[in-house]
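Okay, here's what each chain looks like letter by letter:
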Amino acid sequence: EDQVTQSPEALRLQEGESSSLNCSYTVSGLRGLFWYRQDPGKGPEFLFTLYSAGEEKEKERLKATLTKKESFLHITAPKPEDSATYLCAVPLAQKLVFGQGTRLTINP
Amino acid sequence: GAVVSQHPSWVICKSGTSVKIECRSLDFQATTMFWYRQFPKQSLMLMATSNEGSKATYEQGVEKDKFLINHASLTLSTLTVTSAHPEDSSFYICSASDLGGITDTQYFGPGTRLTVL
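Scoring rules and cut-offs
- Going along each chain's sequence as written, the residues are numbered from 1 onward.
- Written order determines the labels here, with chains lettered from A and ligands numbered from 1.
- Per-residue local features are limited, in this predicted model, to residues with pLDDT of at least 70; the limit for side-chain atom pairs, both in listing and counting, is 80 or more; totals at the level of whole chains, interfaces and linings are taken over all residues.
- Only hydrogens and water are set aside when side-chain values are computed; all heavy atoms of the structure are taken into account.
- In these notes, a set of buried Ala, Val, Leu, Ile, Met, Phe, Trp, Tyr and Cys residues joined through side-chain atoms within 4.5 Å is what counts as a nonpolar core.
- Any residue under 20% of the maximum accessible area for its type is buried, any over 50% is exposed, and the rest in between are partly exposed; the area is computed with a 1.4 Å probe on protein chains only.
- By the convention used here, residues are in contact when the closest approach between their heavy atoms is within 4.5 Å.
- In the sections that follow, a salt bridge refers to a side-chain nitrogen of Lys or Arg positioned within 4 Å of a carboxyl oxygen of Asp or Glu.
- Strands are runs of DSSP state E lasting at least 2 residues, helices are runs of H or I lasting at least 4, and numbering of each runs from the N terminus.
- Paired rings are identified among Phe, Tyr and Trp, the last through its six-membered ring, by centres lying within 6.5 Å, and are further divided according to the angle between planes into stacked (under 30 degrees), edge-to-face (over 60) and tilted (the rest).
- Summed over both partners, the accessible area lost on bringing two parts together, with a 1.4 Å probe, is the buried area.
- Residue polarity is assigned by list, with Asp, Glu, Lys and Arg as charged and Ala, Val, Leu, Ile, Met, Phe, Trp, Tyr, Cys and Pro as nonpolar; anything else, Gly included, falls into the polar class.
- To count as a disulfide, a pair of cysteine sulfur atoms needs to be within 2.5 Å.
- Strands qualify as paired when DSSP identifies two bridges or more between them.
- Convention adopted: a line fitted to C-alpha atoms gives each axis, helices being fitted over their contacting stretch, and angles between N-to-C directions are expressed from 0 to 180 degrees.

Student: Describe the nonpolar core, with residues and values.
Tutor: Counting 25 residues, the largest nonpolar core has Trp35(B), Tyr58(B), Phe67(B), Ile69(B), Leu79(B), Tyr92(B) and Leu114(B) as the members making the most contacts within it. Ignoring sequence-local partners within four residues, the contact set of Tyr92(B) consists of Gln6(B), Ile21(B), Tyr36(B), Arg37(B), Met47(B), Phe67(B), Leu79(B), Gly111(B), Thr112(B) and Leu114(B). If you look at the next biggest cluster of nonpolar residues, it comprises 24 residues, including Leu13(A), Leu47(A), Ile75(A) and Val90(A).

Next up, the structure:
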């Protein structure tokens, strides 16, 4: 069964403490993987699209990587404003299927 | 670029009334628009996909007569919740895609919080 699973469910870090969020998928014929950031009470904000294994993309303190089975969102020296829920999503059939998200909290 | 707006941002209504939510792509033409629903602490669930000038495609379990979707132009889609009931209370979010394919990036609106009393 096609699935998208994110871990951990929640993560608390101190400001400046780097870490990684995981998005694993069991999809045959991956056609892309999307990362979004969602703040409470807001719609998701687009971060990255990755299409092939080995691809990497960076934006400020975030770097997304993709393998054949999973994607990582690495956050380097995070700041409190990076606190949010991070969602990954994969196209399945004719729709975008989202993982449950990782709720990231950065303490000052 | 790629800005999507929604109106209203929140609405409270009485049970049995209808509510219309607008979704607009402000700086691009949206070939396809999507409507999602999100319950607290849960991820986004697709309700329907709409293409300009065509009937919307609804996901299994979504009542098409209850959630009316109109995509009248390349920049505007509306979702009308008819005869709303408390169980329809949720966060409704639209997204838009300029190229329209499922592998193309979707840009999301800020969401509409619906509370049905």
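Now that the structure has been shown, we can carry on.
Student: Mind laying out the pattern of salt bridges, listing which residues take part and the relevant values?
Tutor: For the structure shown, the criterion picks out seven salt bridges over all chains. One salt bridge in this structure joins Arg37(A) and Asp39(A), with 3.0 Å as the shortest N-O distance. Given a relative accessible area of 14%, Arg37(A) falls into the buried group. A salt bridge links Glu59(B) to Lys95(A), with the shortest nitrogen-to-oxygen separation between them at 3.0 Å. On the criterion of chain membership, the pair formed by Glu59(B) in the loop between β6 (57–58) and β7 (67–73) and Lys95(A) in strand β10 (residues 95–98) is interchain, its members lying in two chains.

Student: So what about the packing of aromatic side chains? Which residues, and what values?
Tutor: All names here are of chain A. Counted under the stated rule, the structure contains nine aromatic pairs over all chains. For the pair Tyr36 and Phe98, a centre-to-centre distance of 6.0 Å together with 45 degrees between the ring planes defines the contact as tilted. Taken together, the residues Tyr36 in strand β4 (residues 33–38) and Phe98 in strand β10 connect sequence positions 62 residues apart. A single burial state applies to Tyr36 and to Phe98, both of which are buried.

Student: Outline the interface of chain B and chain A, supporting the account with residue identities and numerical values.
Tutor: Of the residues lining the interface, 18 residues belong to chain B; the matching set on chain A comes to 20 residues. The three residues of chain B that bury the most area against chain A are Ser43(B), Ile102(B) and Thr103(B), which together make up 35% of that side's buried surface. Taken together, the links from chain B to chain A amount to one salt bridge. Contributions of two or more residues to the side of chain B that touches chain A are made by β4 (32–38), β9 (90–97) and β10 (107–108) of chain B. Partitioning the side of chain B that touches chain A into residue classes produces nine nonpolar, seven polar and two charged.

Student: Could you give me a rundown of the environment of Leu99(B), with the residues and numbers involved?
Tutor: Residues and elements named next belong to chain B. Residue position: Leu99 is located in the loop between β9 and β10. Accessibility expressed as a relative area gives 61% for Leu99, which makes it exposed. Sequence separation of Leu99 and Leu76 is 23 residues, and the distance between their C-alpha atoms is 15 Å. Beyond its immediate sequence surroundings of up to four residues, Leu99 is in contact with Thr31 and Asp104.

Student: Give a description of the state of the cysteines that names residues and reports values.
Tutor: Residues and elements named next belong to chain A. Applying the stated rule across the entire model yields two disulfides over all chains. Paired through a disulfide, Cys23 and Cys88 show a sulfur-sulfur distance of 2.0 Å. Looking along the S-S bond of the Cys23-Cys88 disulfide, the torsion reads about 75 degrees, which is the right-handed sense. Here the residue Cys23 occupies a position in strand β3 (residues 19–26), and Cys88 occupies one in strand β9 (residues 84–92), the gap between them amounting to 65 residues.

Student: Any details on the sheet that holds strand β8 (residues 70–75) of chain A? Residues and values, ideally.
Tutor: Residues and elements named next belong to chain A. Pairing is antiparallel across the open sheet formed by five strands, whose spatial order is β1-β3-β8-β7-β6. Both outer strands of the open sheet, β1 (3–7) and β6 (56–59), are each paired with one neighbouring strand and no more. Going across the sheet, the axis of each strand differs from the next one's by a mean of 15 degrees, ignoring polarity. Two elements, strand β7 (residues 62–66) and β8, share five bridges in a ladder whose sense is antiparallel.

Student: Quick rundown of the pairing of β9(B)? Include the residues and the values.
Tutor: All names here are of chain B. Most of β9 is tucked away, with eight of its eight residues classed as buried. In β9, alternate side chains face the same way, and those of Ser90, Tyr92, Cys94 and Ala96 on one face and Phe91, Ile93, Ser95 and Ser97 on the other are all buried. Across seven bridges, β4 lies against β9 in antiparallel orientation. Bridge pairing in β9 links Met33 to Ala96. Both β9 and β10 contribute to a ladder of two bridges, which runs antiparallel. Along β10, the bridge assignment pairs Ala96 with Tyr107.

From the geometry alone we can't say anything about function, so treat these as descriptive.
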